[in-house]
Amino acid sequence: MRAPTPRPVWRRLAAFDALIAGAALALMLLIPLLEIGLRPLFGKGIENAPVLVQHLGLVLAMFGALVAERGQHLSSLGAGLAAASNPLLRAGAQVFAQASAAVLCGMLTETSWTFVASEMEAPHAIAYGIAGWMVELAMPVGFALLGCKLAGRITGQGAGRIVLGLLLPVAGFLFASHFDGATLPFWPFALWLAFVLFCGAPIFAVLGGLALALFWSEGQPLASVPLSHYQITVNPSLPALPLFTLAGLLFARTGAAARLGALFTALFGNGVGGTAIAAAVLCSFFTAFTGGSGVTILALGGLLLPLLRDAGVPERRGISLVTSASALGVLLAPSVPLIMYAIIARVPINTMFLAGLLPALVMVACLLVFGGYLRRGGIAPATPRPKADPRRALAAAWAARWEILAPVVAIGSLASGIATPTES
């Protein structure tokens with residue numbers, strides 16, 4: 001028998017990244033649930049649970065970025081020159097963007113390590129004797145691995161990937177270490193970063209480099225950059241975002257869209273007006289839980305477009321209704337933009353949830369009325385469509401009972417004081 005081929009180092013690192021990110025997300029989910037159950041029973045829960053969850057969010061952010069890089073899902077402003085028709089220009093832009101991003105990751109690794117080293121000198125415990133620097137170590141480790149992986153994409157050869165994966169991040173590390181605290185001109189960095197961004201480099205690397213350039217221009221210590229990164233990431237409300245994204249993924253993958261679609265069409269009827277209202281309300285409601293209109297369009301487009309077409313709505317108008325209504329759900333609780341705005345503006349999250357309800361309903365109504373989606377003139381259904389049916393609506397509501405209860409549980413637990421925003 002042939003011996004099994006050993007997995008490449010890069011793939012084993014990728015599996016390790018996914019394992020760490022998955023474990024952090026699982027603990028972020030488990031700890032709040034235990035808190036909700038333990039507080040009423042014993043009067044107290046897990047020691048310093050909110051701070052633990054916040055620091056797990058830091059681990060998830062860093063190692064989740066590594067998982068995103070493996071699938072080439074790191075956010076950028078577009079391919080830019082990397083999508084040029086000239087093959088040489090396209091290849092050169094890709095190499096320049098990836099090499100520059102790897103060097104910038106090396107710089108961020110050095111600044112993060114300086115910050116963690118200063119934390120080691122005066123350690124503070126998070127909970128159960130876990131020192132803060134043990135979790136903060138995820139920042140330099142994450143940036144270093146990101147730099148290695150970005151540099152390794154420049155060439156497909158094994159030896160070349162290893163050499164570039166070490167050389168470019170180390171070059172950035174040594175540069176930042178040598179000039180830490182020095183005063184350097186800002187505009188050369190700004191022009192370089194603008195060109196790197198235009199070549200398709202990840203946004204996080206360009207923003208990190210811009211922060212370093214601004215501190216260099218003032219001659220300030222670079223450790224302030226990872227300090228700000230750490231303070232933003234461990235914000236008390238920020239862990240709600242990955243948990244909320246997980247909830248949206250469950251909604252999108254478990255058939256919730258079909259069950260909610262059957263409910264709303266039973267409530268409003270399958271005619272032209274009823275189907276349009278059902279589609280608009282469903283898209284808005286679903287976006288509040290998936291966190292973005294793109295996810296809603298992917299999850300509901302294949303379900304709603306045939307219904308709208310059978311009701312007599314032209315395909316282009318049906319597409320415009322689904323895409324427009326999906327963008328309005330960000331005003332409904334508990335959507336990601338509302339949570340982010342509450343964090344940045346330092347407004348209570350429950351206040352934001354209530355403030356977005358009426359504007360969302362008004363905008364959905366205006367979309368239907370002024371968009372002309374309720375007009376029946378010149379529209380003939382392909383087949384006779386049933387009207388609203390209370391009995392069918394009750395059966396559909398029972399089938400979608402868990403989806404209907406989701407906002408009740410989330411908002412009710414928050415308003416009643418049973419759970420914190422993260423827990424709800």
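Given the structure is predicted, the values throughout are model-derived calculations rather than measurements. (Residues numbered from 1 in each chain as written. Predicted model: local features only at pLDDT ≥ 70, side-chain atom pairs only at ≥ 80, totals over all residues. Heavy atoms only, no water.)

1. A word on a nonpolar patch on the surface
Logical step 1: A surface patch of nonpolar side chains, amounting to about 430 Å² of accessible area, comprises W402, L405, V408 and V409.
Logical step 2: Relative accessible area serves as the criterion here: at 38%, L405 is assigned to the partly exposed category. (Patch = residues over 30% accessible without salt bridge, like charges linked within 9 Å, V, L, I, M, F, W, Y side chains within 5 Å. Areas by Shrake-Rupley, 256 points an atom, 1.4 Å probe, with all protein chains shown as cover. Salt bridge = Lys/Arg side-chain N within 4 Å of Asp/Glu carboxyl O. Buried < 20%, exposed > 50% of the residue type's maximum accessible area, 1.4 Å probe, protein only.)

2. A short note on the side chain of D17
Logical step 1: In this structure, D17 sits in helix 1 (residues 9-42).
Logical step 2: Contact partners of D17, with chain neighbours within four places excluded, come to F63, L66, V67, L145 and K149. (Helix = DSSP H or I, 4+ residues; strand = E, 2+ residues; numbered from the N terminus. Contact = heavy atoms within 4.5 Å.)

3. Quick notes on the layout of surface pockets
Logical step 1: Within this model, the largest pocket holds a volume of roughly 1400 Å³.
Logical step 2: Taken together, 36 residues form the lining of the largest pocket, with L60, A61, M62, G64 and A65 sitting closest to its centre.
Logical step 3: Of all the secondary structure elements, the ones that give two or more residues to the lining of the largest pocket are helix 1, helix 2 (49-70), helix 3 (87-121), helix 5 (138-152), helix 8 (203-218), helix 9 (224-233) and helix 10 (240-253).
Logical step 4: Considering every element that reaches the lining of the largest pocket, the biggest residue donor is helix 2, with 8 residues.
Logical step 5: Partitioned by chemical class, the residues of the lining of the largest pocket number 25 nonpolar, 11 polar and no charged. (1 Å grid on protein atoms, 1.4 Å probe; cavity = no way out; pocket = protein on both sides within 12 Å on 5 of 7 lines; lining within 4 Å. Points joined across faces, edges and corners; volume = space filled by probe spheres on them. Nonpolar A, V, L, I, M, F, W, Y, C, P; charged D, E, K, R; others polar.)

4. A few points about the environment of D17
Logical step 1: By relative accessible area, which is 1% here, D17 ends up buried.
Logical step 2: Taking C-alpha positions, D17 is 9.0 Å from A65, a pair spaced 48 residues apart along the chain.
Logical step 3: Separated by 3.3 Å, the side chains of D17 and K149 make a polar contact. (Polar contact = N/O pair within 3.5 Å; in protein donor to acceptor, adjacent residues only side chain to side chain.)

5. Here's the deal with the side chain of T233
Logical step 1: Mapped onto the elements, T233 comes out in helix 9.
Logical step 2: Relative accessible area serves as the criterion here: at 11%, T233 is assigned to the buried category.
Logical step 3: A distance of 2.7 Å separates a polar atom in the side chain of T233 from the backbone oxygen of H229.
Logical step 4: When residues no more than four places from it in sequence are discounted, the contact partners of T233 are Q54, G57, L58, A61 and L238.

6. Comments concerning the packing of aromatic side chains
Logical step 1: The full count for this structure, using the stated rule, is 10 aromatic pairs.
Logical step 2: Between F16 and F63 the ring centres are 6.3 Å apart and the planes differ by 80 degrees, which places this aromatic pair in the edge-to-face class. With F16 in helix 1 and F63 in helix 2, this residue pair connects regions lying 47 residues apart in the sequence.
Logical step 3: A relative accessible area of 41% means that F16 is categorised as partly exposed.
Logical step 4: Aromatic rings pair up to connect F175, F179, F189, W192 and W216 into one cluster.
Logical step 5: The ring of W398 is capped by R401, whose NZ or CZ atom sits 4.2 Å from the centre of that ring. (Phe/Tyr/Trp six-rings, centres within 6.5 Å; stacked < 30°, edge-to-face > 60°. Lys NZ or Arg CZ within 6 Å of the ring centre and 35° of its normal.)

7. Here's the deal with the packing of helix 3 against helix 9
Logical step 1: Relative to each other, helix 3 and helix 9 sit at 75 degrees, their axes nearing to 8 Å. Between helix 3 and helix 9, the angle is such that the two are roughly perpendicular. Contacts between helix 3 and helix 9 pair T111, S112 and F115 from the former with P226, L227 and Y230 from the latter.
Logical step 2: For the contact of helix 3 with helix 9, the class distribution of residues is 4 nonpolar, 2 polar and no charged. (Axes fitted to C-alpha atoms, helices over the stretch in contact; angles between N-to-C directions. Parallel < 35°, antiparallel > 145°, perpendicular 65-115°, else oblique.)

8. A closer look at the pattern of salt bridges
Logical step 1: Taken as a whole, this structure holds 3 salt bridges when the rule is applied.
Logical step 2: Residue K149 pairs with E69 through a salt bridge whose shortest N-O separation is 3.8 Å. With K149 in helix 5 and E69 in helix 2, the pair connects residues that are 80 residues apart, well separated along the chain. Taken as a pair, K149 and E69 share a single burial class, namely buried.
Logical step 3: Ionic pairing is found between R153 and E69, a salt bridge with its closest N-O pair at 2.6 Å. With R153 in the loop between helix 5 and helix 6 (158-178) and E69 in helix 2, this pair connects stretches of sequence that are 84 residues apart.

None of the figures reported here should be taken as evidence of function without further support.
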